[in-house]
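Structural overview
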Amino acid sequence: MDSQFYGQPAPCRPNGSKLAAAAMVTGILAVVLCATFTFYPTFILGGISIVLALLSKGRSRKTGTTARIGIICASIGLVFNCFMLAAGIRMLYTHPEIMEQADQIIEEQYGMTYEELINAILNGSEIPIP
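What counts, and at which threshold
- Residues numbered from 1 in each chain as written.
- Predicted model: local features only at pLDDT ≥ 70, side-chain atom pairs only at ≥ 80, totals over all residues.
- Heavy atoms only, no water.
- Helix = DSSP H or I, 4+ residues; strand = E, 2+ residues; numbered from the N terminus.
- Buried < 20%, exposed > 50% of the residue type's maximum accessible area, 1.4 Å probe, protein only.
- Areas by Shrake-Rupley, 256 points an atom, 1.4 Å probe, with all protein chains shown as cover.
- Axes fitted to C-alpha atoms, helices over the stretch in contact; angles between N-to-C directions.
- Parallel < 35°, antiparallel > 145°, perpendicular 65-115°, else oblique.
- Left-handed = near helix turned anticlockwise from the far one by under 90°.
- Contact = heavy atoms within 4.5 Å.
- Nonpolar A, V, L, I, M, F, W, Y, C, P; charged D, E, K, R; others polar.
- Patch = residues over 30% accessible without salt bridge, like charges linked within 9 Å, V, L, I, M, F, W, Y side chains within 5 Å.
- Salt bridge = Lys/Arg side-chain N within 4 Å of Asp/Glu carboxyl O.
- Lys, Arg positive; Asp, Glu negative; His and termini not counted.
- Charge placed at Lys NZ, Arg CZ, Asp CG, Glu CD.
- Core = buried A, V, L, I, M, F, W, Y, C linked by side-chain atoms within 4.5 Å.
- Expected span 1.5 Å × (residues − 1).
- Arc of directions from axis to C-beta.

1. Let's talk about the overall build of the chain
Counting its regular elements, the chain contains 5 helices and 0 strands. When burial is assessed residue by residue, the chain has 20% of its 130 residues classed as buried. Looking at the chain as shown, the accessible area adds up to about 9800 Å², and 65% of this sits on carbon and sulfur atoms.

Quick look at the structure:
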């Protein structure tokens, strides 16, 4: 060992920096996937990002910058995703021609109308798999 480093602790990263980096990456991915209008990955990655950012904090009182970026990106992705999902559902129910097209697609795939499919789901009946 070198005499100048003897007795000094080895330099190391603060605890949670890898979790914070993972939170930032998944938060950024949530925003990117939200921009591509894929709903489920954004919900999953946004939730994971927030959990990782909170776990990276550990016992300290402050959240690191990287973790904060992850939380902010995940929150933006989740809010925009919820807005887009609500707008899509609203458009589906307020425009009858879109609902008719969706009903035709569901009937082609499942062999039953949208309302029959919803009733089958609610009643616990078996749904034909396409």
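Right, picking up where we left off after that structure.
2. Some remarks on the packing of helix H2 (residues 39-57) against helix H3 (residues 65-94)
The interhelical angle for the contact between H2 and H3, taken along N-to-C directions, is 155 degrees, at an axis separation of 8 Å. In terms of their interaxial angle, H2 and H3 are classed as roughly antiparallel. As H2 runs across H3, the sense of the crossing is left-handed. For the pair formed by H2 and H3, the contact residues are Phe39, Thr42, Phe43, Gly46, Gly47, Ser49, Ile50, Ala53, Leu54 and Ser56 on the first element and Ala67, Gly70, Ile71, Ala74, Ser75, Gly77, Leu78, Asn81, Cys82, Met84 and Leu85 on the second. For the contact of H2 with H3, the per-class residue count stands at 12 nonpolar, 9 polar and no charged.

3. Focus: a negative patch on the surface
A contiguous patch of negative charge, built from Glu107, Glu108, Glu115 and Glu116, is present on the exposed surface. If you list the elements that add at least two residues to the negative patch, you get helix H4 (96-110) and helix H5 (114-123). Of note, Glu108 is situated in helix H4. Overall, the relative accessible area of 68% leaves Glu108 in the exposed class.

4. Some details on the nonpolar core
Ranked by size, the top nonpolar core spans 5 residues in total: Ala20, Ala23, Leu52, Ala53 and Ala67. Where this core is concerned, the elements lending two or more residues are helix H1 (17-35) and H2.

5. Concerning H2
Between its first and last C-alpha atoms H2 spans 28 Å; for 19 residues at 1.5 Å apiece the expected length is 27 Å, and the two agree. Every buried residue of H2 is accounted for by Thr42, Leu45, Gly46, Ser49, Leu52, Ala53 and Ser56. Down the axis of H2, the buried set is contained in an arc of 135 degrees. They therefore lie on one face. Turned more than 90 degrees away from the buried face of H2 sit Tyr40, Ile44, Leu54 and Leu55, all of them exposed.

6. Focus on H4
For H4, with 15 residues, the first-to-last C-alpha span of 20 Å sits near the 21 Å given by 1.5 Å per residue. Where H4 terminates, the next one or two residues include Gly111, which has phi positive at roughly 75 degrees.

7. What to know about a nonpolar patch on the surface
Together, Leu19, Val51 and Leu55 line one region of the surface with nonpolar side chains, adding up to about 250 Å² of accessible area. Mapped onto the fold, Leu55 is located in helix H2.

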